[in-house]
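Letter by letter, the chains look like this.
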Amino acid sequence: MNTIVHPVLLTSVFLLSSATIMNAQNTDDKVRIIMIGAHPDDCDEDGGGTAALFAQMGYAVKFVSVTNGDAGHQTMKGAELAKRRFAEAQEAGKRLGVVYDVLDNHDGLLMPTLEVRLQLIRKIREWNADVVIAPRPNDYHPDHRYTGVLVQDAAYMVAVPNIAPDVPALKKNPVFLYYQDHFQRPNPFRPDITVDITSVYDKKVSALDAHESQMYEWLPWIGHYLDQVPKDKTERVQWLAKQRAGTITNEMRTSLEKWCGKGKATQVKYAEAFEVCEYGAQPNDDEIKRLFPMLGK
Ligand SMILES: [Zn+2]
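This brings us to the coordination of the zinc ion. Within the protein, the atoms that donate to the zinc ion are H39 (ND1), D42 (OD), D42 (OD) and H144 (NE2), at distances of 2.1 to 2.4 Å. Bound by 4 donor atoms, the zinc ion shows angles of 55 to 130° at the metal and therefore irregular coordination geometry. Taken in chain order, the donor set of the zinc ion reads H-x2-D-x101-H. Assessed through its relative accessible area of 6%, H39 is described here as buried.

Below, the structure is given as structure tokens:
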């Protein structure tokens, strides 16, 4: 109900495949992941490589964009833009092997309201999530900031049956994680878990490439580097791969050494890191290895 439903979606197999995965809940002990971002491209940027690794192992991964992205463009806006971004998100989801939900909340206007909190409680419950990943609530963008707050506010409530009783409460509190960011105040990000995504980096870039309106139009425009975007489709993917590579910080390198050993850690070219939130289940190292089987491999 909260998801945008376009005519194209109704006729696609997306709903069918989504329903199939929903029905498969609890039938095996595979880990279920839900990544939550403010905009349709945030999950891909912050966790796309890790999602691709999970999907390759046959794990159920869902991305949720809390807003419909209807403000993120220099010439388009409103329903037309939301529709374009929804289609881009579906394509990105297909390339990564994840289900991509987009909630119909306006971009740039997100507030941490009870209504949106309940939307997220339902999404986390319906997915029967073992792991929930969201932004930290300190960020330059108010939508990112409030997405962080909203997920924190949902962290306990997903297990409380009297809240949103139309969807059964989770019997087990999930582990909540934060995506990596570079903000220093009030405290810097701590990479508790660092995943080597070198083997799937191309897949991550391919998912980002699906968000054409963002990667090649809006972000370069607002960042004043539109003149650097190559016109040729192959060239621009190569450009995107370089632009999105990120850096492996000393703290991430130390975390990689912990999880995959010193020798392997030096060979990692691309990585994504996550911090354990103080709310929700608190995993020890063995539990982290169970949830993230790609660590140490
Ligand atoms: Zn964003």
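Attention now moves to the pattern of salt bridges. Counting across every chain of the model gives 19 salt bridges. E45 serves as the salt-bridge partner of R244, at 3.0 Å between the closest nitrogen and oxygen. Of this pair, R244 sits in the loop between α9 (233-243) and α10 (250-260) while E45 sits in helix α3 (residues 42-56); the two residues are 199 residues apart in sequence, bridging distant segments of the chain. Classification of R244 as partly exposed rests on a relative accessible area of 23%. One network of salt bridges, with partners in common, ties together E91, K94, R95 and D209.

Our next topic: a nonpolar patch on the surface. Taken together, the side chains of W221, I222 and L226 present a nonpolar region at the surface, about 270 Å² in accessible area. Mapped onto the elements, L226 comes out in the loop between α8 (212-222) and α9.

Let us now look at the packing of aromatic side chains. Inspection of the entire model under this criterion finds 9 aromatic pairs. With a centroid separation of 5.2 Å and 85° between ring planes, the pair formed by F63 and Y100 is classed as edge-to-face. One end of the pair, F63, is in strand β2 (residues 60-65); the other, Y100, is in strand β3 (residues 99-102), and 37 residues separate them in sequence. For Y100, a relative accessible area of 1% corresponds to the buried category. Considering the side-chain rings of Y201 and Y270, the 3.7 Å spacing of their centres and the 5° angle between planes classify their relative orientation as stacked. With Y201 in helix α7 (residues 201-210) and Y270 in the loop between α11 (262-265) and β7 (271-280), the pair connects residues that are 69 residues apart, well separated along the chain.

Each α-helix turn comprises 3.6 residues. Residues three or four places apart therefore point the same way. With 15 residues, α3 extends 20 Å between its outermost C-alpha atoms, agreeing within 8% with the 21 Å of an ideal straight helix rising 1.5 Å per residue. Among the 15 residues of α3, 12 are classified as buried, and the element is accordingly described as predominantly covered. Inspection of α3 places D42, C43, D44, G47, G48, G49, T50, A51, A52, L53, F54 and A55 among the buried residues, and these make up the whole buried set.

Turning our attention to the packing of helix α5 (residues 114-126) against helix α6 (residues 142-157). Packing of α5 against α6 brings their axes to within 9 Å, and their N-to-C directions diverge by 55°. Our classification of the angle between α5 and α6 gives oblique. In terms of crossing hand, the pair formed by α5 and α6 is right-handed. For the pair formed by α5 and α6, the contact residues are V116, R117, L120, I121, I124 and R125 on the first element and L150, V151, D153, A154 and M157 on the second. Taken together, the residues that form the contact of α5 with α6 break down as 8 nonpolar, no polar and 3 charged.

Now for the nonpolar core. Grouped together as the largest cluster of nonpolar side chains are 47 residues, with contacts concentrated most on F63, L177, V195 and F292. The residues contacting F63, other than those within four sequence positions of it, are M35, C43, D44, G48, A51, L96, V98, V99, Y100 and D101. In this structure, A60, V66, V158 and Y178 belong to the second largest nonpolar core, which totals 26 residues.

As a further point, take α10. Turning to α10, its buried residues are M252, S255, L256, W259 and C260. The arc that holds every buried residue of α10, seen down its axis, measures 105°, which confines them to one face. Exposed side of α10, more than 90 degrees from the buried face: N250, E251, T254 and K258 are the residues found there. For α10, the secondary structure elements touched by its buried residues are β6 (193-196), α11, β7 and α12 (285-291). Where α10 terminates, the next one or two residues include G261, which has phi positive at roughly 90°.

Basis of the calculations
- Here, residues in each chain are numbered from 1, in the same order as that chain's written sequence.
- Local features are withheld for residues below a pLDDT of 70 in this predicted model, meaning they are given only at 70 or higher, and side-chain atom pairs are given and counted only at 80 or more; totals for whole chains, interfaces and linings count all residues.
- Side-chain figures throughout are based on the complete set of non-hydrogen atoms in the structure, without hydrogens or water.
- In this listing, donors mean N, O and S atoms no farther than 2.8 Å from the metal, or 3.2 Å for Na, K and Ca; water is missing from the atoms, so a site can look incomplete.
- Here a site with four donors is tetrahedral if all angles are between 85 and 135 degrees, and a site with four or six donors is square planar or octahedral if opposite donors are over 155 degrees apart and the other angles are between 65 and 115; anything else gets the irregular label.
- Relative accessibility thresholds used throughout: buried, under 20% of the residue-type maximum; exposed, over 50%; partly exposed, between the two (1.4 Å probe, protein chains only).
- We count a salt bridge whenever a side-chain nitrogen from Lys or Arg sits within 4 Å of a carboxyl oxygen from Asp or Glu.
- Going along the chain from the N terminus, every DSSP run of H or I of four or more residues is numbered as a helix, and every run of E of two or more is numbered as a strand.
- Patch membership requires over 30% relative accessible area and the absence of a salt bridge. Like charges are linked within 9 Å, and nonpolar side chains (Val, Leu, Ile, Met, Phe, Trp, Tyr) within 5 Å.
- Throughout, the Shrake-Rupley method with a 1.4 Å probe supplies accessible areas, and for residues the shown protein chains are the sole cover considered.
- Classification of ring pairs rests on two measures: the distance between centres of Phe, Tyr or Trp rings, Trp counted by its six-membered ring, which must be within 6.5 Å, and the angle between planes, read as stacked under 30 degrees, edge-to-face over 60 and tilted in between.
- Take the number of residues in a helix, subtract one, and multiply by 1.5 Å to get its expected span.
- Helix axes are fitted only over the stretch in contact, all axes being lines through C-alpha atoms; the angle between N-to-C directions runs from 0 to 180 degrees.
- In these notes the angle categories are as follows: under 35 degrees is roughly parallel, over 145 is roughly antiparallel, 65 to 115 is roughly perpendicular, and the rest is oblique.
- Less than a right angle of anticlockwise turn of the near helix away from the far helix marks a crossing as left-handed, whereas a clockwise turn marks it as right-handed.
- Any pair of residues with heavy atoms lying within 4.5 Å of one another is described as a contacting pair.
- Following the grouping adopted for this structure description, the nonpolar residues are Ala, Val, Leu, Ile, Met, Phe, Trp, Tyr, Cys and Pro, the charged ones are Asp, Glu, Lys and Arg, and the polar ones are all others, Gly among them.
- For the purposes of this section, nonpolar cores are sets of buried Ala, Val, Leu, Ile, Met, Phe, Trp, Tyr and Cys residues that join through side-chain atoms within 4.5 Å.
- The arc under discussion is defined with respect to the helix axis, by the directions toward the C-beta atoms.

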